[in-house]
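Residues per chain, in single letters:
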Amino acid sequence: MSKKFLILGNPVEHSLSPKIHNFWFKKYNIDAIYEKKEAKEIELPDIVKEIKEGKIDGANVTVPFKQKIIPHLDDLSERSKNTKSVNTIYKNGNKIIGDNTDIYGFAQSLKNNSLNLLDKIALIIGAGGVAPSIITALENIGVKKIFIKNRTYKKIENLKKEFPRIELLEWDMHINFDIVINATSLGLKEEDKINLNFDDINGQKIFYDTIYNPPMTNFLKKAKEKEHIIINGKLMLFLQAQKAFEIWTKILPELNEEFLEHLKND
């Protein structure tokens, strides 16, 4: 019987995950299908139950459910315990486990771009579902300082309890940084603007947007105009998917030319 995998989120219509995983299932001769599931929070317990019963074989989790899914799972990987964030679900025996491949995806995307952030200063904008994974990755690669700001200050105060090393900024405050990461959903719409004063940023910096669709957000567009280094979330998406696929199938798929060609125009 064909296996079934899902991406759970709301919204998910923009998700590239089905195109990624279905390509790999075909390439590695795995009888499986990967679909989008635009879920409501109330449906999460039933979806987990379906995984337990073998009707669904695994799932990815995206906004706004990376934290909300946790109470419905039996156990968490160390990565998910540390970040309180789940983006990959699988079954082990009769237990449903939550894991986190976003940390790997973010850190590896910097490596693939030959960027070394040892002893550098990072600024994260946003305290959403992916922020704990980015903080963890930045701590693991040895950044000197991590600043974070969010429109709702309470959210970053809560993050500080989990990650005491981070330094909190008011939404209107500006600091000097080596890399700035957009971890908000600001950018999904063409008119979205992020509160950054581009004219006050000296020297070439790295602008990283976790959004991959649209590929060029206003945040990246403005940074490119000022000749900064820009990265969108597509490589992180591919790398976290690669790790999730390995968790489900024990096969680490290649991110080769054939794969990149398949996804080139998305």
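Presented here is an overview of the structure given in this document. (Residues numbered from 1 in each chain as written. Predicted model: local features only at pLDDT ≥ 70, side-chain atom pairs only at ≥ 80, totals over all residues. Heavy atoms only, no water.)

Examining the pairing of strand β11 (residues 206–209)
Side chains on a regular strand alternate between the two faces of the sheet. Heads up, the condition is: Only protein chains enter the calculation, and the probe is 1.4 Å; a residue is then buried if its accessible area is under 20% of its type maximum, exposed if over 50%, and partly exposed in between. By the criteria applied, helices consist of DSSP H or I runs no shorter than four residues and strands consist of E runs no shorter than two, each listed in order from the N terminus. Being paired, for any two strands, means DSSP has found at least two bridges between them. The path from the first strand over the helix to the second decides the hand: if it runs clockwise while the strands point away from the viewer, the crossover is right-handed.
Burial along β11 is two-sided: Ile206 and Tyr208 facing one way and Phe207 and Asp209 facing the other are all buried. Looking at chain direction, strand β10 (residues 179–182) and β11 are connected through four bridges and run parallel. Its bridge partner lying in β11, asparagine 182 is registered against aspartate 209. One ladder, built from three bridges, connects β11 with strand β12 (residues 229–231); its direction is parallel. Pairing of isoleucine 206 across the sheet is with isoleucine 229, part of β12. Read from β11 through helix α7 (residues 218–225) to β12, the crossover connection turns out right-handed.

Brief notes about the pairing of strand β7 (residues 121–125)
In terms of burial, β7 is largely enclosed, as four of its five residues are buried. Examined bridge by bridge, β7 and strand β8 (residues 145–149) share five bridges and lie parallel to one another. Among the inter-strand pairings, alanine 122 is bridged to a residue of β8, identified as isoleucine 146. A crossover connection joins β7 to the parallel β8 through helix α5 (residues 131–140); in handedness this β-α-β unit is right-handed. Two elements, β7 and β10, share four bridges in a ladder whose sense is parallel. Counterpart to isoleucine 125 in the pairing with β10 is asparagine 182.

Describing the pattern of salt bridges
Note the threshold: By convention in these notes, a salt bridge is any Lys or Arg side-chain nitrogen within 4 Å of a carboxyl oxygen on Asp or Glu.
Enumeration over the complete set of coordinates arrives at 14 salt bridges. When the shortest N-O distance is used, the salt bridge between glutamate 53 and lysine 55 registers 3.0 Å. The exposed category is assigned to lysine 55, whose relative accessible area is 51%. Salt bridges sharing partners connect three or more residues here, namely Lys49, Glu53 and Lys55.

Points about the side chain of threonine 101
Going by this rule: For the purposes of these results, a polar contact is taken to be a pair of N or O atoms within 3.5 Å, where, inside protein, one atom must be able to donate a hydrogen and its partner to accept one; residues adjacent in sequence count only when each atom of the pair is a side-chain atom. By definition in these notes, contact holds between two residues if any of their heavy atoms fall within 4.5 Å.
With respect to the secondary-structure elements, threonine 101 resides in the loop between β6 (95–99) and α4 (102–112). Of the polar contacts made by the side chain of threonine 101, one reaches the backbone oxygen of glutamine 240; its length is 2.9 Å. Threonine 101 has contacts with Asn87, Thr88, Gln240, Lys243, Ala244 and Ile247, leaving out every residue within four places of it along the chain.

Section: the packing of aromatic side chains
Note the following rule: Stacked, tilted and edge-to-face are the three classes assigned to paired rings of Phe, Tyr and Trp, where Trp is represented by its six-membered ring and a pair needs centres within 6.5 Å; plane angles under 30 degrees give stacked, over 60 edge-to-face, the rest tilted.
Counted according to the given criterion, the structure contains 13 aromatic pairs. Judged by centre distance (6.2 Å) and plane angle (50 degrees), the rings of tyrosine 34 and tryptophan 248 are tilted. One end of the pair, tyrosine 34, is in strand β2 (residues 32–38); the other, tryptophan 248, is in helix α8 (residues 234–249), and 214 residues separate them in sequence. Note on accessibility: tyrosine 34 and tryptophan 248 belong to one class, buried.

A look at the layout of surface pockets
Operational definition: Think of a 1 Å grid over just the protein atoms. A cavity is a set of points where a 1.4 Å probe fits yet cannot get out, a pocket is an open set with protein on both sides within 12 Å along at least five of seven lines, and lining residues have an atom within 4 Å of a point. Grid points are joined across faces, edges and corners, and a volume is the space filled by probe spheres set on the points. Here the term charged refers only to Asp, Glu, Lys and Arg, the term nonpolar to Ala, Val, Leu, Ile, Met, Phe, Trp, Tyr, Cys and Pro, and the term polar to all other amino acids, Gly among them.
A volume near 1,200 Å³ is recorded for the largest pocket. Forming the boundary of the largest pocket are 45 residues, of which Val63, Gly128, Gly129, Val130 and Ala183 lie nearest the centre. The set of elements that each furnish at least two residues to the lining of the largest pocket consists of β3 (58–61), α6 (153–162) and α8. Ranked by residues supplied to the lining of the largest pocket, first place goes to α6 with four residues. Broken down by class, the residue content of the lining of the largest pocket amounts to 18 nonpolar, 20 polar and seven charged. For the second largest pocket, the calculated volume is near 150 Å³. Residue lining of the second largest pocket: Lys3, Phe5, Ile51, Gly54, Ile56, Asp57, Tyr90, Lys91, Ile247, Trp248 and Lys250, and that is the complete set. Only β1 (3–9), β5 (88–92) and α8 provide two or more residues apiece to the lining of the second largest pocket. Class assignment of the residues belonging to the lining of the second largest pocket gives a composition of six nonpolar, one polar and four charged.

Focus on unusual backbone geometry
Residue proline 11 is bonded to the preceding asparagine 10 through a cis peptide linkage, with omega at 10 degrees. You can see proline 11 is positioned in the loop between β1 and α1 (17–27). That bond from asparagine 213 to proline 214 is cis: its omega, 10 degrees, falls within 30 degrees of zero. With respect to the element layout, proline 214 can be found in the loop between β11 and α7. Its identity is not glycine, yet aspartate 119 carries a phi of approximately 65 degrees, on the positive side. For aspartate 119, a relative accessible area of 52% gives the class exposed. Residues other than glycine seldom take positive phi values, yet glutamate 227 does so here, at roughly 65 degrees. Its place among the elements puts glutamate 227 in the loop between α7 and β12.

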